[in-house]
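So you can see what is in the structure, the chains are spelled out below.
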Amino acid sequence: MKDLGVFQNSFLWPEEQKLVAHILSLNELALAWDETEKGRFRNDYFPPVIIPTIEHTPWVHCQPPIPPGIRDEVISLIKSKIASGIYKPSNIVFLHG
């Protein structure tokens, strides 16, 4: 609760702070606190969304390079997204601009 700042803010009344702390502690295992704890709904509950597209010639627009000052941070973020399953390996060429 300390890291979340539940008891450090003045927005909630003391009884509301206790209620928030109680609800969070009861549901702690149901909440994702970082990318590695995120889950996915099973496909039989919610089928994947298929976005219809039409054949086209993609624009040729390259992303600007990652600034050297944040390069390691960006690489670490991408690796954590891959490890948690948010990003998946692909062979498809995709340029986003």
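Up top you'll find the structure we're talking about.
I will try to describe carefully the structure that is included in this document. (Residues numbered from 1 in each chain as written. Predicted model: local features only at pLDDT ≥ 70, side-chain atom pairs only at ≥ 80, totals over all residues. Heavy atoms only, no water.)

## Focus: the pattern of salt bridges
- Taken as a whole and assessed by the stated rule, the structure comprises 2 salt bridges.
- Across the pair Glu-15 and Lys-18 runs a salt bridge, and its minimum N-O distance is 3.2 Å. With Glu-15 and Lys-18 both in helix α1 (residues 14-26) and 3 residues apart, the pair spans about one turn of that helix.
- A relative accessible area of 56% means that Glu-15 is categorised as exposed.
- Of the charged contacts in the structure, one is a salt bridge between Arg-42 and Asp-44, with a shortest N-O distance of 2.7 Å.
- On the basis of relative accessibility, which here comes to 48%, the residue Arg-42 falls in the partly exposed class.
- Residue class for Asp-44 comes out exposed when judged on its relative accessible area of 59%. (Salt bridge = Lys/Arg side-chain N within 4 Å of Asp/Glu carboxyl O. Helix = DSSP H or I, 4+ residues; strand = E, 2+ residues; numbered from the N terminus. Buried < 20%, exposed > 50% of the residue type's maximum accessible area, 1.4 Å probe, protein only.)

## Structural notes on the environment of Arg-42
- Within the element layout of this structure, Arg-42 appears in the loop between α1 and α2 (71-83).
- At 2.7 Å, the side chain of Arg-42 forms a polar contact with the side chain of Asp-44. (Polar contact = N/O pair within 3.5 Å; in protein donor to acceptor, adjacent residues only side chain to side chain.)

## Considerations on α1
- In this model, α1 (13 residues) spans 18 Å end to end at C-alpha, consistent with the 18 Å of a helix rising 1.5 Å per residue.
- By the burial criterion, the buried members of α1 are Gln-17, Ala-21 and Leu-24. Axial view of α1: buried residues confined to an arc of 70°, hence all on one face. Exposed positions of α1 whose direction lies more than 90 degrees from the buried face are Glu-15 and Leu-26. (Expected span 1.5 Å × (residues − 1). Arc of directions from axis to C-beta.)

Treat this as a map of the structure, not an account of what it does.
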